[in-house]
Amino acid sequence: MVYIAPMDLKLKDLRYLVAVAEQRHFGRAAAQCCVSQPTLSAQLKKLEESLGVQLIERAPHNVTLTPAGEEIVARARRILEASDEMVTLARSQRDPLGGRLRVALLPTIGPYLLPHVAPLVRKALPRLELRLYEYQTGPMLEKLRNGELDVGILALPVDLDGLESRELYREAFTVALPERHPLAGREQLRVGDLKGETLLLLEEGHCLRDQALEVCSRAGVRDAQDFRATSLETLRQMVATGAGVTLLPELAGRGAYRNARGVVLRPFAKPAPVRHIGALWRKTTARRAAIEALSQLISEHAP
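Keep in mind that this is a model prediction, so the values were computed, not measured. (Residues numbered from 1 in each chain as written. Predicted model: local features only at pLDDT ≥ 70, side-chain atom pairs only at ≥ 80, totals over all residues. Heavy atoms only, no water.)

**Topic: the confidence of the model for the protein**
Across the protein, the average pLDDT comes to 88, with 93% of residues at or above 70. Contacts for the low-pLDDT stretch residues 1-5, under 50 throughout, to residues beyond four places or in other chains number zero contacts. (pLDDT = per-residue confidence, 0-100. Contact = heavy atoms within 4.5 Å.)

**Re unusual backbone geometry**
In this chain, L156 is followed by P157 through a cis amide linkage whose omega measures 5 degrees. Tracing the sequence through the fold places P157 in the loop between β5 (151-156) and β6 (163-178). Note the cis peptide between K270 and P271, where omega equals 0 degrees. Locating P271 in the fold gives a position in the loop between β10 (263-267) and β11 (274-282). Non-glycine residue R24 carries a positive phi angle of around 55 degrees. With respect to the helices and strands, the residue R24 is situated in the loop between α1 (11-23) and α2 (26-33). (Helix = DSSP H or I, 4+ residues; strand = E, 2+ residues; numbered from the N terminus.)

**As for the environment of L168**
Take L168: it is sitting in strand β6. Given a relative accessible area of 6%, L168 falls into the buried group. For the pair L168 and I153, spaced 15 residues apart in the sequence, the C-alpha separation amounts to 8.8 Å. Residues contacting L168, with those up to four places away along its chain left out, are I153, I277, G278, A279, S295, I298 and S299. (Buried < 20%, exposed > 50% of the residue type's maximum accessible area, 1.4 Å probe, protein only.)

**Section: α2**
Taken as a whole, α2 has its buried residues at F26, A29, A30 and C33. Burial along α2 is one-sided: seen end-on, the buried residues are contained in an arc of 100 degrees. Next to the buried residues of α2 lie α1, α3 (37-51), β1 (56-59) and β2 (62-65). Where α2 terminates, the next one or two residues include C34, which has phi positive at roughly 60 degrees. (Arc of directions from axis to C-beta.)

**Some points on the environment of D95**
Mapped onto the elements, D95 comes out in the loop between α4 (67-94) and β3 (99-105). Judged by relative accessible area, D95 falls into the partly exposed class, the value being 25%. The sequence separation of D95 and L247 amounts to 152 residues, and the corresponding C-alpha distance is 42 Å.

**Thoughts on the pairing of strand β4 (residues 128-134)**
Bridge count between β3 and β4: seven bridges; the pairing is parallel. In the strand pairing of β4, R102 is matched with R131. For the handedness criterion, the β-α-β arrangement of β3, helix α5 (residues 110-124) and β4 is classed as right-handed. (Pairing = 2+ DSSP bridges. Right-handed = clockwise from strand over helix to strand, strands pointing away.)

Below you can see the structure in the form of structure tokens.
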């Protein structure tokens, strides 16, 4: 029987490979890994020689993975995730409510929720260091599953597939109208009141776009086909010009955003349409205690 010694794969080499896969550029990958480009290139060449297979196609101004490279990168991500989980688990056992917690929020949630809850988190969980990110639903779910994030705060429902969820709060929709709009004089509106109106929406990829369309689908509201906003604040400004109406989550109409010039907000009559905001995390996470503590704070104090 011939003995074949196991390969000594180094985690740093796998990180270099994954960085190249993400950046598709050796210079940017090296910067991401905080090493020089020659060092990164040399280590990846050694990795290919050790494995006996080409992983990267190198061409001027073009870096791509070979089919073998794609397969190995997928496995490298899982290995790195498991490695990070072990380190995180060890740290969390020493201090379950301390250390870094990577939290992502939807762009339609973060700017409006964080001013309410961030001071409470700092007071109640002083040892917890929040690293905050903004992503749309698709990229957020991918990064959660890849281990790049610890918890995501987004609109439910979504495809869980390896994730767990908890509803945090329900948020009613309000109608944003130009201040001289005929409906602006009413105290409350019904969805049917919007029949014939031009509905301004976010661009594709924002779940709020789909939710607004769902709310208004039976009211004969026209989608403004020639306009797609990148943010709620762009929508608000377009409403102020008289270009149409839009639906905003309740939190987006509170605090500093309540009295936007040229725009009035009107609630829906009960039962008002709502969106369900929840937290998502991996089933295998080592940060469950910190995630549950953060989720509880948000549930108790979200306006």
